[in-house]
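A look at the structure
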Amino acid sequence: MGFGILFIGYFFFINLTYYAYTDIIGGLIMLLALYKLRGLNRPMRAAFYLSLPFCIIAFFELIMSVLPLIVPSLSGIVQNPVCGAVRYAFVGALTYLMLRGLGSVSSEVGLAPLAARCRVTRVFPPVVYGAAIICEIPAFFGAMPQVAQKIVTLVILCLIAIIVFLNLVTIYSCYMRICMPGDEDAEARRAPGRFERRQTERSREYAEYKLKRAKPRLESQPPRYTHGEEENKGDAKNRENEK
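Scope of this entry: the structure provided in the associated data block. The structure displayed is predicted, hence computed values, not measured ones.

Thresholds applied
- Residues numbered from 1 in each chain as written.
- Predicted model: local features only at pLDDT ≥ 70, side-chain atom pairs only at ≥ 80, totals over all residues.
- Heavy atoms only, no water.
- Helix = DSSP H or I, 4+ residues; strand = E, 2+ residues; numbered from the N terminus.
- Contact = heavy atoms within 4.5 Å.
- Areas by Shrake-Rupley, 256 points an atom, 1.4 Å probe, with all protein chains shown as cover.
- Axes fitted to C-alpha atoms, helices over the stretch in contact; angles between N-to-C directions.
- Parallel < 35°, antiparallel > 145°, perpendicular 65-115°, else oblique.
- Left-handed = near helix turned anticlockwise from the far one by under 90°.
- Patch = residues over 30% accessible without salt bridge, like charges linked within 9 Å, V, L, I, M, F, W, Y side chains within 5 Å.
- Salt bridge = Lys/Arg side-chain N within 4 Å of Asp/Glu carboxyl O.
- Buried < 20%, exposed > 50% of the residue type's maximum accessible area, 1.4 Å probe, protein only.
- Disulfide = S-S within 2.5 Å.
- Nonpolar A, V, L, I, M, F, W, Y, C, P; charged D, E, K, R; others polar.
- Expected span 1.5 Å × (residues − 1).
- Arc of directions from axis to C-beta.
- Phe/Tyr/Trp six-rings, centres within 6.5 Å; stacked < 30°, edge-to-face > 60°.
- Lys NZ or Arg CZ within 6 Å of the ring centre and 35° of its normal.

1. Some thoughts on the overall build of the chain
- When helices and strands are tallied, the chain shows eleven helices and zero strands.
- Across the chain, contacts joining residues at least 24 apart in sequence account for 67% of those joining residues at least 6 apart.
- In the structure as shown, the chain presents an accessible area of about 14800 Å², 64% of it carried by carbon and sulfur atoms.

2. Topic: the packing of helix α6 (residues 112-121) against helix α9 (residues 146-177)
- In contact at an axis separation of 11 Å, α6 and α9 are set at 155° when each is read in the N-to-C sense. In terms of orientation, α6 lies roughly antiparallel with respect to α9. In the packing of α6 onto α9, the handedness of the crossing is left-handed. On α9, the residues touching Leu114, Arg117, Cys118 and Thr121 of α6 are Asn167, Val169, Thr170, Ser173 and Cys174.

3. Here we look at a nonpolar patch on the surface
- On the surface, Tyr18, Tyr21, Phe59, Ile63, Val66, Leu67, Leu69, Ile70 and Val71 cluster together into a nonpolar patch covering about 850 Å² of accessible area.
- In this structure Val71 comes out as partly exposed when scored by relative accessible area, which is 32%.

4. Observations concerning the state of the cysteines
- According to the stated counting rule, one finds zero disulfides in the structure shown.
- With no disulfide of its own, Cys118 lies 5.2 Å from the sulfur of Cys174, the closest cysteine sulfur.
- Take Cys118: its relative accessible area is 1%, and that puts it in the buried class.

5. Comments concerning the packing of helix α1 (residues 2-11) against helix α2 (residues 23-37)
- Packing of α1 against α2 leaves a shortest axis separation of 8 Å and a crossing angle of 160°. Considered as vectors, α1 and α2 are oriented roughly antiparallel to each other. Crossing handedness for the pair α1 and α2: left-handed. Contacts between α1 and α2 involve Gly2, Phe3, Ile5, Leu6, Ile8, Gly9 and Tyr10 from the first element and Gly26, Ile29, Met30, Leu32, Ala33, Leu34, Lys36 and Leu37 from the second.
- Considered class by class, the residues forming the contact of α1 with α2 number eleven nonpolar, three polar and one charged.

6. A closer look at helix α7 (residues 124-135)
- Under the 1.5 Å per step criterion, the end-to-end length of α7 is 17 Å for twelve residues, consistent within 8% with the ideal 16 Å.
- For α7, the set of buried residues is Pro125, Val128, Tyr129, Ala132 and Cys135. In a view along the axis of α7, the buried residues occupy a sector of 105°, so they form one face of it.

7. Side note on the packing of aromatic side chains
- Under the definition given, this model contains eight aromatic pairs.
- Taking 5.5 Å as the distance between ring centres and 50° as the angle between the ring planes, the aromatic pair formed by Phe48 and Tyr49 counts as tilted.
- You can call Phe48 buried: its relative accessible area is 11%.
- Relative to Tyr175, the ring of Tyr172 lies with its centre 6.2 Å away and its plane at 40°, an arrangement referred to as tilted. Of the two residues, Tyr172 and Tyr175 both sit in helix α9, three residues apart, roughly one turn of that helix.
- Judged by relative accessible area, Tyr175 falls into the partly exposed class, the value being 22%.
- Three or more aromatic residues joined by ring pairs make a cluster, and in this case those are Phe7, Tyr172 and Tyr175.
- It is Arg38 that lies over the ring of Tyr35; its NZ or CZ is 4.0 Å from the centre.

Have a look at this one:
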């Protein structure tokens with residue numbers, strides 16, 4: 001269930017031009033998904049914590065995009081490059097942590113090809129989104145010729161679109177092949193119950209560990225008898241004395 005919600009939320013990152021109107025929707029959906037997945041590993045938990053300020057930034061983006069429609073004199077605020085640079089930084093970090101978490105889960109349940117794909121694809125978001133941040137700096141991007149600016153912008157947008165598409169495929173593969181505990185449609189998917197069985201094995205191993213730790217302490221304590229057992233023990237001693 002968590003991977004399916006994550007897929008829906010990340011799907012909104014396909015919007016590469018008017019993202020200020022859709023980031024808040026995708027951010028809130030991803031926040032819900034990462035809340036459900038935060039207990040899997042540390043990268044997922046870090047991605048959940050990072051999604052909280054991202055939702056705040058997305059809400060700020062939405063307000064700054066709607067205000068100029070109401071007050072035209074505020075149109076210059078939307079063109080502030082700082083907003084775009086901060087947004088790209090958060091999306092790149094969030095994507096990187098998400099892929100690290102998905103790769104860790106895939107490796108844990110024995111899906112080596114899926115884990116390898118996550119390790120490869122997580123390299124590109126910091127590079128591409130880092131280039132997008134540099135292009136938001138007026139001192140660097142503004143010094144380039146107009147033709148070069150258009151080419152660089154087009155290349156970066158194409159690379160981001162490819163990254164989003166590949167990540168969507170990866171998230172969907174996790175949804176299809178990793179069944180979280182509590183999934184209602186687990187039986188209808190391939191490799192059902194694999195992650196759930198792993199969680200059950202962990203619980204059993206922990207219970208065995210606790211029993212092993214407690215066994216020496218239990219053996220060192222004197223045996224306890226109920227009232228009936230004490231009477232039977234006393235009768236047996238009397239019979240032995242009579243003999």
